[in-house]
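Here are the chains, one letter per residue:
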Amino acid sequence: MSALSGVVDREEDVPSRTPPAFRVGEVTVHHAEERDIPSIVALNNLFAPDGLTLTRSPDFVTQHLQDYQVVRDETGRILGQVALDEYSPSLVELVSLAVAPDQQSRGLGQVLITAAEHLARERGHEELFAISLAEALFLRMGYTLTSIEIYPEKIARYRSISRSELSIGRKFCFTKRLRP
């Protein structure tokens, strides 16, 4: 089965505090754990100066740890990550999508987006949206280009973080309806 097939299979239950890992094609996606916090912050913030991600603090990641998913290599190093940010019971945003520079162009972004969609469906969300410069990736994944203006909650959050976040580069807004 291809790592990019989009098929999500549950692995056997793992006895731990975190939910079980699951597979997307050939890649295992894990729910983040406390030990991952420094690595998540470092990988995310690597892309923040270019406006590709918002800066995340250890406190932010700790408070939202249950929303983060990661792909690790055999040594435990985080190769990529993604998180969900809930706005309402029906709407959630895909955030903090980041893949280590030496792991890019291997399909991990697609795997992580698929994992985020799966988690959003498990939580009962009907719609997932993302703000990103990765137009080709999201369109390839079945997202529709839309306007950030249809998400006033997102605009309000941007303003509370930094007014400049609304004007860094040409950010695209993508949306996808999730089917159960």
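Fair warning: this is a prediction, and the values are worked out from it, not measured in the lab.

Conventions used here
- Residues numbered from 1 in each chain as written.
- Predicted model: local features only at pLDDT ≥ 70, side-chain atom pairs only at ≥ 80, totals over all residues.
- Heavy atoms only, no water.
- Helix = DSSP H or I, 4+ residues; strand = E, 2+ residues; numbered from the N terminus.
- Buried < 20%, exposed > 50% of the residue type's maximum accessible area, 1.4 Å probe, protein only.
- Areas by Shrake-Rupley, 256 points an atom, 1.4 Å probe, with all protein chains shown as cover.
- 1 Å grid on protein atoms, 1.4 Å probe; cavity = no way out; pocket = protein on both sides within 12 Å on 5 of 7 lines; lining within 4 Å.
- Points joined across faces, edges and corners; volume = space filled by probe spheres on them.
- Nonpolar A, V, L, I, M, F, W, Y, C, P; charged D, E, K, R; others polar.
- Pairing = 2+ DSSP bridges.
- Right-handed = clockwise from strand over helix to strand, strands pointing away.
- pLDDT = per-residue confidence, 0-100.
- Contact = heavy atoms within 4.5 Å.
- Phe/Tyr/Trp six-rings, centres within 6.5 Å; stacked < 30°, edge-to-face > 60°.

When its secondary structure is counted, the chain shows 5 helices and 9 strands. Burial analysis of the chain (180 residues in total) assigns 48% to the buried set. Working note: accessible area of the chain is about 9,300 Å², and carbon and sulfur atoms make up 51% of it.

Before going further, it helps to spend a moment on the layout of surface pockets. There is about 710 Å³ of room inside the largest pocket. For the largest pocket, the lining is made up of 33 residues, of which L97, A98, S132, A134 and L137 are closest to its centre. When contributions to the lining of the largest pocket are tallied by element, the ones reaching two or more residues are β6 (91-99), α3 (108-122), β7 (127-132), α4 (135-140) and α5 (152-161). For the lining of the largest pocket, the residue count by class is 16 nonpolar, 11 polar and 6 charged.

Counting buried positions along β6 yields 8 of 9 residues, so the element is predominantly enclosed. With 6 bridges connecting them, strand β5 (residues 78-86) and β6 associate as antiparallel partners. Looking across to β6, one finds that E86 is bridged to V92. Counting the residues in the hairpin turn of β5 and β6 gives 4 residues. Note on the crossover from β6 through α3 to β7: the handedness is right-handed.

A few words on unusual backbone geometry. Apart from glycine, the bulk of residues carry a negative phi angle, and the bulk of peptide bonds sit in the trans form. In this model, S96 sits at a positive phi of 55°, which is unusual for a non-glycine residue. Mapped onto the secondary structure, S96 falls in strand β6. Phi is positive for S105, close to 70°, though the residue is something other than glycine. Tracing the chain through its elements places S105 in the loop between β6 and α3.

This next bit is on the confidence of the model for the chain. A low pLDDT score tells you not to read the predicted coordinates there in detail. Here the chain shows a mean pLDDT of 84. Residues at 70 or above account for 81%. Per-residue pLDDT stays below 50 along residues 163-169; that stretch engages in 10 contacts with residues further than four places along the chain or on separate chains.

The next point concerns the packing of aromatic side chains. Scanning the model with the defined rule gives 4 aromatic pairs in all. Aromatic side chains F138 and Y143 sit 5.2 Å apart centroid to centroid with 90° between the ring planes, which places their arrangement in the edge-to-face category. Exposure remark for Y143: the relative accessible area of 4% places this residue in the buried category. A centroid spacing of 6.1 Å and a plane angle of 40° characterise the contact between F172 and F174, whose relative ring orientation is tilted. Through a chain of ring-to-ring contacts, three or more aromatic side chains come together here, namely F138, Y143, F172 and F174.

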